[in-house]
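Residue-level structural notes
Residue-level listing of the chains:
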Amino acid sequence: MGSDAAEEAGDAVTTSTPPILDRLTDAQVVALTLVGEARGEPLDGMIAVAQVIGHRTHDARWPNDWRGVCWARKQFSCWNVFDSNRAVLERLAPSLVSGGSLGTHRGEVVEALWIADGVMAGRLRDLVHGACHYHALSVHPRWAAGHTPIAQIGNHRFYNDVA
């Protein structure tokens, strides 16, 4: 998200993945993605972002696994090497793997794990009607031009009509 120049410079996702990230479960990767992408959003907003990840696992344009979708190049800015959220996620990863302290992020990580588990198991109602795209209200990506949001939840707009 942001200017095109910044996107080109900073969107090299997981080009040098710390080994600890490979030890995370898919649910933990999804949960960290939610912390990075939707921290501070209402519960429905976090669920909606998780559902976008899930819908992408069934769409040929993305990998067919949860971590592959989360780590796909130029998709979730929190995993971009120059995004400040990535450093937070990398600091949380060892605690998730070992069951250690999550510090001040405990509440949001526990909530994100609950959401990841519910969405991955199909237990939560689809709030975004099959959407595979979303963006923050604060940005206006080129891909959204000419498309109608299917939902606006919290600070994000969701789209299910982007080819």
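Scroll up to find the structure.
Bear in mind that the values here come from a model prediction, so they are computed numbers and not experimental data.

Neither face of strand 1 (residues 133–136) is open: one carries His 133 and His 135, the other Tyr 134 and Ala 136, and all of them are buried. As paired strands, strand 1 and strand 3 (residues 156–159) are joined by 4 bridges and run antiparallel to one another. In the strand pairing of strand 3, His 135 is matched with Arg 157.

The tally for this structure, following the rule as stated, stands at 4 aromatic pairs. Ring geometry for Trp 71 against Trp 79: centres 5.8 Å apart, planes inclined by 80 degrees, an arrangement best described as edge-to-face. For Trp 71, a relative accessible area of 13% puts it in the buried group. Ring geometry for Trp 143 and Tyr 159: centres 5.2 Å apart, planes at 85 degrees, overall edge-to-face. Here the residue Trp 143 occupies a position in the loop between strand 1 and strand 2 (151–153), and Tyr 159 occupies one in strand 3, the gap between them amounting to 16 residues. Judged by relative accessible area, Trp 143 falls into the partly exposed class, the value being 30%.

Note on helix geometry: an α-helix contains 3.6 residues per turn, so any two residues three or four positions apart are oriented the same way. Relative to the 20 Å expected for 14 residues at 1.5 Å per residue, helix 4 (residues 43–56) spans 20 Å between its end C-alpha atoms, a close match to the ideal helical length. Helix 4 sits mainly inside the fold: 12 of its 14 residues count as buried. Among the residues of helix 4, those classed as buried are Gly 45, Met 46, Ile 47, Ala 48, Val 49, Ala 50, Gln 51, Val 52, Ile 53, Gly 54, His 55 and Arg 56. Packing partners of the buried residues in helix 4 comprise helix 3 (26–38), helix 5 (66–70), helix 7 (106–120), strand 1, strand 2 and strand 3.

Conventions used here
- Every chain is numbered on its own, with residues counted from 1 as its sequence reads.
- This being a predicted model, a pLDDT of at least 70 is required before a residue's local features are given, and a value of 80 or more before pairs of side-chain atoms are given or counted; all residues contribute to the totals for chains, interfaces and linings.
- Just so you know, side-chain values use all the structure's heavy atoms and leave hydrogens and water out.
- When accessible area is computed with a 1.4 Å probe and restricted to protein chains, residues below 20% of their type maximum are described as buried, those above 50% as exposed, and intermediate ones as partly exposed.
- The secondary structure listing takes helices from DSSP runs of H or I that are at least 4 residues long and strands from runs of E that are at least 2 residues long, numbered from the N terminus.
- When DSSP locates at least two bridges between a pair of strands, those strands are taken to pair.
- Planes of paired rings set the category: under 30 degrees apart is stacked, over 60 is edge-to-face and the rest tilted, where pairs are Phe, Tyr or Trp rings (Trp by its six-membered ring) whose centres lie within 6.5 Å.
- Multiply 1.5 Å by the residue count of a helix minus one, and that product is the helix's expected span.
- In this description, contact between two residues means that some pair of their heavy atoms is separated by no more than 4.5 Å.

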